[in-house]
Amino acid sequence: MRAIFVQIKCELGQAYRVAREAADSIPEMSELFSTSGQYDLLGKFYLDASQDIGLFVTDKIQTLPGVRDTHTIITFNAFGGGTARPGD
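Residues numbered from 1 in each chain as written. Predicted model: local features only at pLDDT ≥ 70, side-chain atom pairs only at ≥ 80, totals over all residues. Heavy atoms only, no water.

Undergrad: Looking at this structure, I do not really get the overall build of the protein. What am I missing?
TA: Check the secondary structure of the protein and you find two helices and four strands. The order of helices and strands in the protein, counted from the N terminus, is β-α-β-β-α-β. Once the C-alpha set of the protein is aligned to its principal axes, its extents read approximately 50 × 30 × 20 Å. Expressed as a percentage of the 88 residues in the protein, the buried residues total 28%. (Helix = DSSP H or I, 4+ residues; strand = E, 2+ residues; numbered from the N terminus. Buried < 20%, exposed > 50% of the residue type's maximum accessible area, 1.4 Å probe, protein only.)

Undergrad: In this structure, what is going on with the nonpolar core? I would like to understand it.
TA: Soluble, globular proteins show a tendency: their nonpolar side chains are buried together. Counting residues in each nonpolar core, the largest one holds 17 residues, and the members touching the most others are Ile-4, Ile-26, Phe-45, Phe-56 and Ile-61. The contacts of Ile-61, once residues within four sequence positions are left out, are Val-6, Ile-8, Ile-26, Phe-45, Phe-56, Val-67 and Thr-70. (Core = buried A, V, L, I, M, F, W, Y, C linked by side-chain atoms within 4.5 Å. Contact = heavy atoms within 4.5 Å.)

Undergrad: Even after reading the chapter, I still don't get helix α2 (residues 53-61), so can you show me in this structure?
TA: Three or four residues apart is the spacing at which side chains of an α-helix point the same way, because the helix has 3.6 residues per turn. Taken as a whole, α2 has its buried residues at Ile-53, Phe-56, Val-57 and Ile-61. Down the axis of α2, the buried set is contained in an arc of 95°. They therefore lie on one face. Looking at the buried residues of α2, the elements they touch are β1 (2-10), β3 (41-47) and β4 (67-74). Measuring from the side-chain oxygen of the N-cap residue of α2 to the backbone nitrogen of Gly-54 gives 3.0 Å; that N-cap residue is Asp-52. (Arc of directions from axis to C-beta. Polar contact = N/O pair within 3.5 Å; in protein donor to acceptor, adjacent residues only side chain to side chain.)

Undergrad: I tried to follow the pattern of salt bridges on my own but got confused; where do I start?
TA: Where charged atoms from two side chains of opposite charge approach closely, those side chains can pair. On inspection of all chains with the given rule, the structure shows one salt bridge. A salt bridge links Glu-28 to Lys-60; the nearest nitrogen and oxygen atoms lie 3.5 Å apart. Within this pair, whereas Glu-28 is found in the loop between α1 (15-25) and β2 (29-34), its partner Lys-60 is found in helix α2, the two being separated by 32 residues in sequence. Under the relative-accessibility criterion, Glu-28 is labelled buried at 16%. Here Lys-60 falls in the partly exposed class, since its relative accessible area comes to 30%. (Salt bridge = Lys/Arg side-chain N within 4 Å of Asp/Glu carboxyl O.)

Undergrad: Looking at this structure, I do not really get the environment of Ala-49. What am I missing?
TA: Looking at the secondary structure, you find Ala-49 in the loop between β3 and α2. Each C-alpha atom of the pair Ala-49 and Val-67 lies 26 Å from the other, and the pair is 18 residues apart in sequence.

Undergrad: I'm lost on the packing of aromatic side chains in this one. Help?
TA: The geometry of two aromatic rings is summed up by the distance between their centres and the angle between their planes. The tally for this structure, following the rule as stated, stands at one aromatic pair. With 5.5 Å between their ring centres and 65° between their planes, Phe-45 and Phe-56 make a pair best called edge-to-face. One end of the pair, Phe-45, is in strand β3; the other, Phe-56, is in helix α2, and 11 residues separate them in sequence. Residue class for Phe-56 comes out buried when judged on its relative accessible area of 3%. Residue placement shows Lys-9 over the ring face of Tyr-39; its charged tip is 5.5 Å from the ring centre. (Phe/Tyr/Trp six-rings, centres within 6.5 Å; stacked < 30°, edge-to-face > 60°. Lys NZ or Arg CZ within 6 Å of the ring centre and 35° of its normal.)

Undergrad: So what exactly am I meant to see when it comes to the side chain of Lys-44 here?
TA: Looking at the secondary structure, you find Lys-44 in strand β3. Notably, Lys-44 is buried but unbridged: the nearest opposite-charge side chain belongs to Glu-31, and the N-O separation is 4.2 Å. Among all residues touching Lys-44, those that are not within four sequence positions of it are Ala-3, Ile-4, Phe-5, Glu-28, Met-29, Ser-30 and Glu-31. (Lys, Arg positive; Asp, Glu negative; His and termini not counted.)

What follows is the structure, encoded as structure tokens:
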């Protein structure tokens, strides 16, 4: 599994509706946060290594009613407590 983050810009007044729809219809979604700034929502999604990221974003996220734009961040490694550091 690999994590991707997707920033989602919604039509005015639609962020909560988009968030509910995403929570109800996208099983790959781990977390979804409301944010301030250029985008309204930030989602964390876990995809199988063989899953096409572009197809996932265009089919599952961009087609949600009220979504205006997305920005996808592809991740490489996760770091945190208990994770070995390079050189250890």
